There are 2 protein chains.
Amino acid sequence: MELDPRLYLVTERSHLEGRSFLDVVELALQGGVTMVQLREKDASGREFLELALALRTLTQKYHVPLWINDRIDIALAVRADGVHLGQSDIPADAARRIIPREMLLGISAGTVEQAVAAEAAGADLLGSGAVFPTATKVDADAVAESTLAEICAAVHIPVVAIGGVTLQNLHIPMAAGVAGVAVVSAIMNPPDTLAAAKALRDEVDRCLRKRND
Amino acid sequence: MELDPRLYLVTERSHLEGRSFLDVVELALQGGVTMVQLREKDASGREFLELALALRTLTQKYHVPLWINDRIDIALAVRADGVHLGQSDIPADAARRIIPREMLLGISAGTVEQAVAAEAAGADLLGSGAVFPTATKVDADAVAESTLAEICAAVHIPVVAIGGVTLQNLHIPMAAGVAGVAVVSAIMNPPDTLAAAKALRDEVDRCLRKRND
């Protein structure tokens, strides 16, 4: 499946507030999300697998790739399109050796050095952040706009900005050269998921058109 | 590597009390441990991998198999001899599909039903417990001696007893028909690891000889 990282939904069930997880993700897909990542920091392996299988069915319906955070074993078990690893997860080179050639690899990179190393180790996509203060990941180091631009310039693979991205501020990382934005709260928090996703996707596309003008 | 589950050390770093992890495991290996499992419930993927790589080097020196708890991805990355999964981890059939044919699969089974299902799904070894009250896993359901004997009789693969096993009580699960015992505290708590492992191994071997008489 083609890599289109324009609007990358990273799921966190803690944001549901009683709503159905699959319903919220489906509305986001209808709104124009181009990738979905299942991130489950506290789930058991079995629960993670069950959620991943349910999400795989849903994302396939919308022809949108499913990525798995951290757990390569879950990604293998559901034949996910990609797996995303942070700097404290299994390193990219070790991951490349145990995932199939067709499975894409995303790596979190907060510095130019990490970004270049990840690309050299076989990463297909980088996530850089937190580009703005975020309540979702309070321990995330901040990535300055200038660093983000340097990262984008230093690698040949697409970079997505993550961390505190909103409809109002996404033009800033987009101007720095990212291929898209990854969001948790901006899609999972608003009561109208569909409208939130649509507005974000429209804004990303507007920024991309502006950049290509 | 041959499956010899007579004395199965399950590691937990919380029991070290300042001692070196690798030193303690090495003494246990010198004392006669026949399998080592790395169990890390809270480590990051990267930390887990680094520990697993260090343990692999050590266990290879003693020609003893290394098993990994839960994280199939770590097991794949270090080419572990086996992976052990609990009932809340990825199910045995899904695990079998993503691990190489030569990697052994252990499954926790607390009932005859779980044991038979695990064997049918491709398990090579079962861990049954807790056979005695244990401080290591306070949430573990108790497995009665009679259930343990039923499990051993119901499957063709070896069963190891786990949970609160000591030098004093291991003859009880051995009499129920298990192929060996898995221990955490009985090896990792005593200050003299070598002597503790030796005594346990002697006692397991004594029980096996008695059974074969």
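The following paragraphs examine the structure supplied in this document. Remember, it's a predicted structure, so these values are computed and weren't measured experimentally.

**Re the sheet that holds strand S3 (residues 66-69) of chain B**
All names here are of chain B. An order of S1-S2-S3-S4-S5-S6-S7-S8 is seen for the eight strands of this closed barrel, with the pairing classed as parallel. Between one strand axis and the next, the sheet turns through 25° on average, direction left out of account. Against the sheet, helix H1 (residues 21-31) engages strand S1 (7-11) and strand S2 (35-38), with an angle of about 175° to S1. Where helix H6 (residues 145-154) meets the sheet, it contacts strand S6 (125-129) and strand S7 (159-162), and its direction lies at approximately 160° from that of S7.

**So, the environment of Ser 44 of chain A**
With respect to the element layout, Ser 44 of chain A can be found in the loop between strand S2 (35-38) and helix H2 (45-61). Engagement of the side chain of Ser 44 of chain A in a polar contact is seen with the backbone nitrogen of Glu 47 of chain A, the distance being 3.2 Å.

**Things to note about the nonpolar core**
Core analysis: the biggest nonpolar cluster contains 136 residues, and Ile 68 and Leu 126 of chain A together with Ile 68 and Leu 126 of chain B have the highest contact counts within it. Filtering out sequence-adjacent residues up to four positions away, Leu 126 of chain A remains in contact with Ile 107, Ala 109, Ala 115, Ala 118, Ile 151, Val 155, Ile 157, Pro 158, Val 159 and Val 160 of chain A.

**Re the sheet that holds strand S7 (residues 159-162) of chain A**
Residue and element names in this part refer to chain A. Strand order in this closed barrel of eight strands is S1-S2-S3-S4-S5-S6-S7-S8, and the pairing throughout is parallel. With direction set aside, neighbouring strand axes in the sheet form an average angle of 25°. Here strand S4 (residues 82-85) pairs with strand S5 (residues 104-108) via four bridges, running parallel. Paired with Val 83 across the strands is Leu 105, a residue of S5. The strands touched by helix H1 (residues 21-31) are strand S1 (7-11) and S2; relative to S1, the strand with the most contacts, the crossing angle is about 175°.

Criteria and thresholds
Residues numbered from 1 in each chain as written. Chains lettered and ligands numbered in written order. Predicted model: local features only at pLDDT ≥ 70, side-chain atom pairs only at ≥ 80, totals over all residues. Heavy atoms only, no water. Pairing = 2+ DSSP bridges. Helix = DSSP H or I, 4+ residues; strand = E, 2+ residues; numbered from the N terminus. Axes fitted to C-alpha atoms, helices over the stretch in contact; angles between N-to-C directions. Contact = heavy atoms within 4.5 Å. Polar contact = N/O pair within 3.5 Å; in protein donor to acceptor, adjacent residues only side chain to side chain. Core = buried A, V, L, I, M, F, W, Y, C linked by side-chain atoms within 4.5 Å. Buried < 20%, exposed > 50% of the residue type's maximum accessible area, 1.4 Å probe, protein only.

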